[in-house]
Every structure is written in structure tokens, then in C-alpha cells.
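Analysis of the macromolecular model
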Amino acid sequence: MKNSPPAHFWILVSTVGISGISQGMLLPLIAIIFEQDGLSSSLNGINATALYIGILLASPFMEAPLRRFGYKPIILAGGLSVAVALALFPVWKSFWFWFMLRFLIGIGDHMLHFGAQTWITAASPENRRGRNVSLYGLFFGIGFAVGPLLTRLVEINEALPFIVSSVLSMISWLFVWLLRNDSPDTEGAGSAGSYLGTFSRFGKVLKIAWVSLLPPLGYGFLEASLNGNFPVLALRNGLDISSVSIILPAFSIGGILFQFPLGMLSDKFGRRNVLMGIMLSGFIFFIAAGIFHKTALGLLICFFLAGMAVGTTFSLGISYMADLLPKQLLPAGNLMCGIFFSFGSMSGPFIGGLAIQYTEGATFFYMISVLLLIIFACLYFVKQPGSSLTKESAR
């Protein structure tokens, strides 16, 4: 993709957008189907974790194939896995069969995103990296926001949303074949093709750029807890379902609208500075959400402002990681971003559920505020290491 035409970039981000549609559709769709079938909410939640388990278990085994075969085969393999798994959902409705399909989608989506993220970050010049990665995040965010609309197709036929999503995934998969393959930089990467080398590089990534992994973790925690816990909290505080259906998308809309502008600002003023600004802003907006947690209008405004601030946290975290690491460590760095995001996504609903169950309603929002403040403090006190440290640690 070095010196490749812009069409290559747009194919990649469009593929990621289609992936966002399937992910955005799957969570509410299966939750609705299981709820209508009388499955308990706890089992529903366990089934949803399959995707993140797939990401975590597959992560250590992805870098070696990427270095050996290049970006394109990894994206193709991941995209095909997702399309086939989506098509298999209507074949047999079973809790464990669907658990395994979501597990496979977790692996496939992670392969697709890992290949696309690494390709984009490696090929983007530093002065355009924030712009390019923010467009990546923007396309995924739009897809994720559009995905739930496909759940309405279940009223026509239960299999229809799965089939439509699978067809869309296959179309994007076909376009990936137009890309010319490329491989990551292996100079100075040590045992580039070995799995033990992957764990060694994970250690180097943590040593050099651990602070850049905190924003993806925070975003995973935030996104999963808002989607999983906030509806319960809102209903307990007397808000109706129609209010929840308006308030929750406000966060996504704020993130979509400001994804690209914040990415451009990070190119101009530095990733660390912009990240500190949005973490501090997010802290303030969620404190405000705690104060207005019983009023629909107050929450609507706070969610939009919070999404505007922290909705780009994941993509900016990836860009900051790419700034800190030498190119040969970018594949491992992108994997670590995915791993930290998954840890956040798995822990968010659990910790948020405890906060709602055992404390006052506003504590849920204050918990999120404290997390954002901790990440802000880490960014403030840990500055970018000098190039000598980066080069020495990469050896």
C-alpha cells in the first residue's frame, strides 16, 4: 500500500464499515431473539461475550501469519469467516451453536480489523495518520450505528437480517481481492515469524507504548457498559424505553460527527495533547450525566457531548500507539490495542452492573468519570519516550 492509489485506502475503510454493520446488528438482534424465546438475561449476556473471547484467544496467533503472508490474505480470511458464520445462523437455532458462531465472528472480525488497522497505520505518513485512522474509525462507527436498523428485518423473517449482513460482507470481501498485497516491516523485528517472537514483541510494546493502550481499554469499557448497563439504569430511574432509544444513539452520533475533526486536530497539535483534552472533557460530561441522571433531556445533551469528546478515543489511541512504536512493532501494537479493548469490553458491563446493583444510580456515571480521569493522569504524567529509547527497545 506504500505509494498505492487512494482507492486502496477507501476499499479498506469500506470493508471496515461493512464489518461495523454486522457487529452493530448482531448484538441487539440476538438479544431480541433470545429475549422473545424466554432466555434469561444472564445467559443472553454470556452468549454475547463469545465475540470478545474469540478476539482474546486468537490475538497471540495473528502476527506470525501476517508477517509471513502479508495484509491481504489475513483480511480475506477474516472477512470470509464472518460472511460464512453470519450465513450459518439461520441453519440451527441453538444457544451453543450461536455461541460458537459468535466466537468465529470475533476471530474473523479481529483478523479483518488487525490487518486493516496495521496496513493503514504503517502506510500513513505521520502528518496524516490521525486523519486516516479517524476515517477508519468513522466508517466503522457509521456501520455500527446503521447495523441495529437491520434488526427490523426480523419482523419479516428471522433469518433475513443474517442473510442480508452475510451478503454485504461477501460483497466487501470481493473488493478486497482488488488490493495489491503488502507486508509489514520486519527489519529489527527479531524472530518475526514465530509465536514466541509475538509475545516478546508484546513485551516491547508494553515497555514503549503502554500508555497508548489505555484509551482503547477505556473506550471498550465505556462502549460496552453504556450499551449493556445504561438501559437497565434508565428504566430503574423512571425513564421509558423511547427515551433510552433516543439517548443512547446520541453518544454514537456525537462520536461520528467529531471523529474526523479530532483526528485532524491530533495531526496538528499532537495525539497526546488531544487525548488529554478529550479525556478531561469526557470526565466533566459524565459527572454532569450523574447530576442529571433522572432527566431525559439532560442525559441526551450529556451523552451527545460525551460522544463528541470520547467517541474517537479508540482511533486516536491507535494513532498514538503508531507514533510511539517503530514500524516493525506496529503489528504487535495493533494486536495489543485489540486485546486491551476486549478487556475493557468484557469488564465494563460486569463492573457497571455491580455499580447499579449495589449503589445509587448516579454512581455508574461517576465510575466512568473516574476511569477517564485515571487515563488522563497517565497521559499527563507519562510523556512520549525519546527516539533512542524506542530504537533500543525494538531491538
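Cut-off values and rules
Residues numbered from 1 in each chain as written. Predicted model: local features only at pLDDT ≥ 70, side-chain atom pairs only at ≥ 80, totals over all residues. Heavy atoms only, no water. Helix = DSSP H or I, 4+ residues; strand = E, 2+ residues; numbered from the N terminus. Buried < 20%, exposed > 50% of the residue type's maximum accessible area, 1.4 Å probe, protein only. Contact = heavy atoms within 4.5 Å. Lys, Arg positive; Asp, Glu negative; His and termini not counted. Charge placed at Lys NZ, Arg CZ, Asp CG, Glu CD. Phe/Tyr/Trp six-rings, centres within 6.5 Å; stacked < 30°, edge-to-face > 60°. Expected span 1.5 Å × (residues − 1). Axes fitted to C-alpha atoms, helices over the stretch in contact; angles between N-to-C directions. Parallel < 35°, antiparallel > 145°, perpendicular 65-115°, else oblique. Left-handed = near helix turned anticlockwise from the far one by under 90°. Nonpolar A, V, L, I, M, F, W, Y, C, P; charged D, E, K, R; others polar. Salt bridge = Lys/Arg side-chain N within 4 Å of Asp/Glu carboxyl O. Core = buried A, V, L, I, M, F, W, Y, C linked by side-chain atoms within 4.5 Å. Patch = residues over 30% accessible without salt bridge, like charges linked within 9 Å, V, L, I, M, F, W, Y side chains within 5 Å. Areas by Shrake-Rupley, 256 points an atom, 1.4 Å probe, with all protein chains shown as cover. pLDDT = per-residue confidence, 0-100.

With respect to the overall build of the protein
Check the secondary structure of the protein and you find 16 helices and 0 strands. Over its C-alpha atoms, taken along the principal directions, the protein stretches across nearly 60 × 50 × 35 Å. Out of the 395 residues in the protein, the part that is buried amounts to 56%. Contacts in the protein between residues at least 24 apart in sequence constitute 85% of all its contacts with a sequence separation of at least 6. One way to put it: in the protein the 23 positive side-chain charges average out to a point 10 Å from where the 16 negative ones average out.

Let's talk about the packing of aromatic side chains
Considering all chains together, one arrives at 19 aromatic pairs under this definition. For the pair Phe-9 and Trp-10, a centre-to-centre distance of 5.2 Å together with 75° between the ring planes defines the contact as edge-to-face. On the accessibility criterion, Trp-10 (36% relative accessible area) is partly exposed. When the ring of Tyr-71 is compared with that of Trp-119, the centres are 5.0 Å apart and the planes differ by 15°; the resulting orientation is stacked. Of this pair, Tyr-71 sits in helix α5 (residues 71-88) while Trp-119 sits in helix α6 (residues 95-123), and the two are 48 residues apart along the sequence. An aromatic cluster of at least three residues, connected via ring pairs, comprises Phe-230, Phe-286, Phe-303, Phe-364 and Phe-365.

Quick word on α5
For α5, with 18 residues, the first-to-last C-alpha span of 26 Å sits near the 26 Å given by 1.5 Å per residue. Along α5, the residues classified as buried are Tyr-71, Lys-72, Ile-74, Ile-75, Leu-76, Gly-78, Gly-79, Val-82, Ala-83, Ala-85 and Leu-86.

Examining the environment of Gly-220
Of note, Gly-220 is situated in helix α9 (residues 195-236). Every residue in contact with Gly-220, bar those within four places of it in the chain, is listed here: Phe-341, Gly-344 and Ser-345.

As for the environment of Ala-296
Along the chain, Ala-296 turns up in helix α12 (residues 296-310). Residues Ala-296 and Ile-246 lie 50 residues apart in sequence; the distance between their C-alpha atoms is 9.1 Å. Contacts of Ala-296, omitting those with residues within four sequence positions, involve Leu-239, Ser-243 and Ile-247.

Some thoughts on the packing of helix α3 (residues 50-58) against helix α14 (residues 330-358)
Two elements in contact, α3 and α14, have axes separated by 9 Å at closest approach and are oriented at 150°. When the interaxial angle is binned, α3 and α14 end up roughly antiparallel. Here the hand of the crossing between α3 and α14 comes out left-handed. Within the contact between the two elements, α3 uses Tyr-52, Ile-53, Ile-55 and Leu-56 and α14 uses Gly-338, Ile-339, Phe-341, Ser-342, Phe-343, Ser-345 and Met-346. Looking at side-chain class alone, the contact of α3 with α14 contains 8 nonpolar, 3 polar and no charged residues.

Structural notes on the pattern of salt bridges
Tallied over the entire structure, the rule returns 6 salt bridges. Of the charged contacts in the structure, one is a salt bridge between Asp-37 and Lys-93, with a shortest N-O distance of 2.9 Å. Of the two residues, Asp-37 is situated in the loop between α1 (6-36) and α2 (41-48) and Lys-93 in the loop between α5 and α6; the sequence distance between them amounts to 56 residues. Since its relative accessible area comes to 38%, Lys-93 is described here as partly exposed. In this structure, Arg-271 and Asp-267 form a salt bridge, with 2.6 Å as the shortest nitrogen-oxygen distance. Looking at Arg-271, the relative accessible area reads 4%, which means it is buried. Asp-267 gets classed as partly exposed once you look at its relative accessible area, which sits at 21%. Members of the salt-bridge network, linked through shared partners, are Asp-37, Lys-93 and Glu-158.

Some remarks on the nonpolar core
With 113 residues, the main nonpolar core has Phe-230, Phe-286 and Phe-303 as its most contacted residues. Of all the elements, α9 adds the most residues to this core, at 14 residues. Dropping the residues within four chain positions of it, Phe-230 is found in contact with Ser-225, Val-244, Ile-247, Leu-248, Leu-299, Phe-303, Phe-364 and Phe-365.

A short note on a nonpolar patch on the surface
Taken together, the side chains of Leu-80, Val-84, Leu-88, Val-91 and Trp-92 define a hydrophobic patch exposed on the protein surface, amounting to about 460 Å² of accessible area. Looking at the element boundaries, Leu-80 is found in helix α5. According to the relative accessible area criterion, Leu-80 is partly exposed, its value standing at 34%.

Section: the confidence of the model for the protein
In low-pLDDT segments, the atomic positions of the prediction should not be examined closely. With 91% of its residues at a pLDDT of at least 70, the protein reaches an overall mean of 84. Note on residues 1-5: pLDDT is under 50 here. Beyond four places in sequence and across chains, it has 7 contacts. Note that pLDDT drops below 50 for residues 386-395; the model gives that stretch 16 contacts with residues more than four away or on any other chain.

Description of the packing of α5 against α6
Between α5 and α6, the shortest axis-to-axis distance is 8 Å and the interhelical angle comes to 155°. Classed by the angle they form, the pair α5 and α6 counts as roughly antiparallel. In the crossing of α5 with α6, the sense of the turn from one axis to the other is left-handed. Along its contact with α5, which presents Tyr-71, Lys-72, Ile-74, Ile-75, Ala-77, Gly-78, Gly-79, Ser-81, Val-82, Ala-85, Leu-86 and Leu-88, the element α6 presents Phe-97, Leu-101, Ile-105, Gly-108, Asp-109, Met-111, Leu-112, Gly-115, Ala-116, Thr-118, Trp-119 and Ala-122.

Topic: the side chain of Asn-334
If you trace the backbone, Asn-334 turns up in helix α14. Given the relative accessible area of 1%, Asn-334 is considered buried. Excluding residues that lie within four positions of it along the chain, Asn-334 makes contacts with Phe-114, Gln-117, Thr-118, Thr-121, Ile-318 and Met-321.

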